[in-house]
Each structure stands twice: as structure tokens, then as C-alpha cells.
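A closer look at the structure
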Amino acid sequence: MTDVTGAPAEVLHTLFRSEQGGHEQVVLCQDRASGLKAVIALHSTALGPALGGTRFYPYASEEEAVADALNLARGMSYKNAMAGLDHGGGKAVIIGDPERDKTEELLLAYGRFVASLGGRYVTACDVGTYVADMDVVARECRWTTGRSPENGGAGDSSVLTAYGVFQGMRASAQHLWGDPSLRDRKVGIAGVGKVGRHLVGHLLKDGAEVVITDVRKESVQAILDQHPVGVSAVTDTDALIRVEGLDIYAPCALGGALNDDSVAALTAKVVCGAANNQLAHPGVEKDLADRGILYAPDYVVNAGGVIQVADELHGFDFDRCRAKAAKIFDTTLAIFARAKEDGIPPAAAADRIAEQRMAEARVTRGW
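Residues numbered from 1 in each chain as written. Predicted model: local features only at pLDDT ≥ 70, side-chain atom pairs only at ≥ 80, totals over all residues. Heavy atoms only, no water.

This brings us to helix α2 (residues 62-82). The end-to-end C-alpha distance of α2 is 30 Å, a good match for the 30 Å that 21 residues give at a rise of 1.5 Å each. The element α2 is largely enclosed, with a buried count of 16 among its 21 residues. (Helix = DSSP H or I, 4+ residues; strand = E, 2+ residues; numbered from the N terminus. Expected span 1.5 Å × (residues − 1). Buried < 20%, exposed > 50% of the residue type's maximum accessible area, 1.4 Å probe, protein only.)

In C-alpha cells:
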């Protein structure tokens, strides 16, 4: 079913649906010369210019790409609000295989589209894009973060993303077991790429036992080679969530990791990971709560990276960013306390806090 413009009706419903606050703007970008097809979605600028990364992914359809951009942009509004940043939420997706389709010409064309928004959207890295890519985009667009130190940027934001997730795990342990230490806790990480590999280091340093998996076998082997003690591997995520004695499950790859089947099979008592949009559909957070599984909302604990790239806009200072990312511990505990007080799952509590901040900003700005 389509509307009068020919767009699938469900896409327009996602764009305008009031129950999620709507989206302010969606830009469809095409540059035939370079082959660029991209979607830039701005969910909210109530707190300031929208900030969010650029995902380069081989979507099965343009409709799937639009839906992902809309969901990711909304998530960034909530993430930036909970991180205490003066930024709204936005996200961009480039349709294609980054291994095959990514070229300098395509990235420059993309940079021109971002620049055309005049600062309403600030972009950075995401799945399929890297610091070197942002250096290229920045040649056409000054509203680009996540650049290399050689080009005035802060470098790899996955370092602080991992640190923030680690703080979320510590807060979860404090809430559930009365001690923030992860010593002798068994932690399963699904995805040991950009963020997951750094998270392994934090966990081992704190005395945890780590079990890993990744669709890229070379990534798993690299971790096992780097950490021959304290780390083991399983074949896939399906095996990981069933590991006996698992204390914490950390989804660190793509979204949708928590669905009806995976929640029913989980052995862990805590879910705390770096992946965006971990809840496959509304109601999963209640399923987790009903099973006694503590869920640390993804957009809260994985905010270390966006804290870093936001700081880059004002002159990057790593120690200042690390101190801000460390506060994810306190924020996560506050969410658990609000959830208990209101009798709702932590994901719903986090949403309420973020929505309150955005609403207050709209009032202040006279919206």
C-alpha cells in the first residue's frame, strides 16, 4: 500500500506517528555520479542541532533504510538527552556495501548533502564508517565530528563508548548484587568489533570472565590471540545467550538482539551492551522484567561515543570526556531507581526522563 506520493504508507506512519513524537525532517539524498543513495533523518532539535552517526549498510530495500534511519534518529534524541548534551537526535544511513561501494567521491557527495542542512545535523561515524571516512566528509562539511587527530578531531569514539558500557555494567551490578565490581562475573559479548574489543579489556582488568562471539571469525581470533587468558569463544549468539552461569549479556553488534525467542532463552541476569535499538519490538522490556532480567537501556549506556564527538565541536579534551562518560554509572543507577519508584521497566523510566528534558527545552525555547 502506498500514499499519493508513492511512498509506502507504513514509512509515512513511522515518520509522523504522534506516539513517538514524530520526526522534524527527513532528507532523501541521491548523487548519480558517485552512486550515493542516503537518508538523513532529524528526529528532534529541541535541545540543539541534531547529532548522530552515519551508517553505511547494504539494506535490502530503500524502505528498510528509511525505517532504520527514523528509528536510529529517534534513539539519538533520547541518547543525547540522557547524556546531558545540548544536541537533538539525528541519523544518516548510506545504502550500499561499504566494502564495495564506498569511494571518496561518494563520501564527498554525502558531505555536501549534510552541509546543505546548514548545521541542523552534525554527523559522525557509525556501523560501516570510520575516522578516515569522516576526514573525507569534513572536506565538504564543517558539521562533521569523529575525525582523526591529524585533522582536528578526537579519533576513535568506540574507546569511550566501551568505557560507558562498562560503567553501565558496574551500575547494574551495584543495583542487582550490591557491589559494582565485576570480579568473577561471567560476561558474554556478542560482537567484538569497534566497541566490543575495548569492552573485553575493561572487563578483564576488573576480574571478569569473558565469553565472546562474532560473525567475523577473524575478529574472535584476534581477541583470543590478544587475551589468551580469561576469554573463551562460542560459535554464535544463539549459543552465547544459553551459556550456563552467564551473569551479563552484552549485545554489541546490530539492533534487535532482544526478541521473543532470545529473551526466553537468556541465562543472564543483566543485559547491558553497546548495540543500538536492542529491543526488537515494544513489550520486550516487560518480558525481560517479567523474567527478572535487569535491562540497562542501550541508549544510556552506549552514550560514551556521542559524548566524545560532541566534545570535539568545542575543542576535544579526553580527560573531560572520560569524566562525563564515567557519569553513565550514576545515570544508570538513577534510571533503575526511577523504574522501581514508578513500577515500570528501566527502558520506560529512561524514556520518561529523556522526554521530560526535551519537553522542558521546548518550553524554554517557546516551542
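All right, on to the sheet that holds strand β10 (residues 270-271) then. The strand order across the open sheet formed by six strands is β8-β7-β6-β9-β10-β11, and the pairing between neighbours is parallel. Only two strands of the sheet have a single neighbouring strand rather than two, namely β8 (231-233) and β11 (294-295). The pairing of β10 with β11 spans two bridges and is parallel. Its bridge partner lying in β11, valine 270 is registered against leucine 294. Of the strands in this sheet, β7 (209-213) and β8 are in contact with helix α8 (residues 217-226), which crosses β8 at around 155°. (Pairing = 2+ DSSP bridges. Contact = heavy atoms within 4.5 Å. Axes fitted to C-alpha atoms, helices over the stretch in contact; angles between N-to-C directions.)

Time to look at the confidence of the model for the protein chain. Do not read the fine detail of predicted coordinates wherever pLDDT is low. Looking at the protein chain as a whole, the pLDDT averages 92, with 93% of positions reaching at least 70. Of the regions scoring below 50 in pLDDT, residues 1-6 engages in eight contacts with residues more than four places distant in sequence or in other chains. (pLDDT = per-residue confidence, 0-100.)

Along the chain, proline 346 falls in helix α16 (residues 346-364). The sequence separation of proline 346 and glycine 315 amounts to 31 residues, and the corresponding C-alpha distance is 34 Å. Not counting residues within four places of it along the chain, the set of residues in contact with proline 346 comprises Leu294, Tyr295, Pro297, Ile335, Phe336 and Ala339.

For the rest of this paragraph, the subject is the pattern of salt bridges. All told, the structure shown has 20 salt bridges when counted by the stated rule. The salt bridge involving aspartate 68 is made with arginine 55; its shortest N-O contact spans 3.6 Å. Placement of the pair is aspartate 68 in helix α2 and arginine 55 in strand β3 (residues 50-57), with a sequence separation of 13 residues. Take aspartate 68 and arginine 55: they sit in the same class, and that class is buried. Across the salt bridge formed by arginine 100 and aspartate 101, the nearest N and O atoms sit 2.9 Å from each other. Taking relative accessible area as the criterion, arginine 100 reaches 62% and is therefore assigned exposed. Among the charged side chains, a salt-bridge network with shared partners connects Arg55, Asp68, Lys91 and Asp126. (Salt bridge = Lys/Arg side-chain N within 4 Å of Asp/Glu carboxyl O.)

Let us now look at the sheet that holds strand β2 (residues 36-44). In space, the five strands of this open sheet follow the order β1-β2-β4-β3-β5, with mixed pairing throughout. The open sheet is flanked by β1 (25-31) and β5 (121-125), the only strands paired with a single partner. Put simply, the sheet's adjacent strands are angled 20° from each other on average, direction ignored. Relative to strand β4 (residues 88-95), β3 runs parallel, the two being bridged by six bridges.

Membership of the largest hydrophobic core comes to 39 residues, with the highest contact counts inside it found for Met169, Ile189, Leu199, Leu203 and Ile212. With five residues, the single largest contributor to this core is helix α6 (residues 158-177). Excluding residues within four positions of it along the chain, leucine 199 makes contact with Ala162, Val165, Phe166, Met169, Ile189, Ala250 and Cys252. Grouped together as the second largest cluster of nonpolar side chains are 23 residues, Cys29, Ile94, Leu107 and Val136 included. (Core = buried A, V, L, I, M, F, W, Y, C linked by side-chain atoms within 4.5 Å.)

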